[in-house]
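Observations on the three-dimensional arrangement
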Amino acid sequence: MLFLDDFLEMLDELPVELRERCTEMKHLDLQVETGLERNRKAIIEFFEGGSELTEEQKMMRYQQLQQVSFNNCLLDFFFYLIN
């Protein structure tokens, strides 16, 4: 992440459109990192608490995690399209 921040500081001398695109990439990168961290936490919770759940509860939670991950990807993609 430091590389990207350093790179963005050097953008002051570049044309406006190029600066905007690089800033957009930074925002997209932050969104992806936030989503990945959210997914990591949910997966860790799933595996740590899995021994207390029945097989049916495990399957339901697993499917919820898949759906949430898929929905997050869709939301990020649609956000990208409208901006």
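Criteria and cut-off values
Residues numbered from 1 in each chain as written. Predicted model: local features only at pLDDT ≥ 70, side-chain atom pairs only at ≥ 80, totals over all residues. Heavy atoms only, no water. Helix = DSSP H or I, 4+ residues; strand = E, 2+ residues; numbered from the N terminus. Buried < 20%, exposed > 50% of the residue type's maximum accessible area, 1.4 Å probe, protein only. Areas by Shrake-Rupley, 256 points an atom, 1.4 Å probe, with all protein chains shown as cover. Salt bridge = Lys/Arg side-chain N within 4 Å of Asp/Glu carboxyl O. Axes fitted to C-alpha atoms, helices over the stretch in contact; angles between N-to-C directions. Parallel < 35°, antiparallel > 145°, perpendicular 65-115°, else oblique. Left-handed = near helix turned anticlockwise from the far one by under 90°. Contact = heavy atoms within 4.5 Å. Nonpolar A, V, L, I, M, F, W, Y, C, P; charged D, E, K, R; others polar. pLDDT = per-residue confidence, 0-100.

A word on the overall build of the protein. Of regular secondary structure, the protein possesses 3 helices and 0 strands. For the protein, buried positions account for 13% of its 83 residues. Surface exposure of the protein reaches about 7,000 Å², of which carbon and sulfur atoms provide 62%.

Another point: the pattern of salt bridges. Counted according to the given criterion, the structure contains 3 salt bridges. As a salt-bridge pair, arginine 21 and glutamate 24 come within 2.8 Å of each other at their nearest N and O atoms. Note that arginine 21 and glutamate 24 are positioned in helix 2 (residues 16-49) at a spacing of 3 residues, about one turn of the helix. A salt bridge links arginine 40 to glutamate 37, with the nearest nitrogen and oxygen atoms 3.2 Å apart. Here arginine 40 and its partner glutamate 37 are both found in helix 2, 3 residues apart, which amounts to about one turn of the helix.

This part covers the packing of helix 1 (residues 2-9) against helix 2. Running from N to C, helix 1 and helix 2 cross one another at 160 degrees; their axes reach a closest spacing of 10 Å. One finds that helix 1 runs roughly antiparallel with respect to helix 2. Judged by the twist between their axes, the crossing of helix 1 over helix 2 is left-handed. When helix 1 is examined against helix 2, the residues Leu4, Asp5, Phe7 and Leu8 are found in contact with a partner set consisting of Cys22, Thr23, Lys26 and Asp29. Of the residues contributing to the contact of helix 1 with helix 2, the split by class is 4 nonpolar, 1 polar and 3 charged.

Further remarks concern the confidence of the model for the protein. Mean pLDDT over the protein stands at 77; residues scoring 70 or higher make up 80%. The least confident element of the protein is helix 1, whose mean pLDDT is 73; the most confident is helix 2, at 82.

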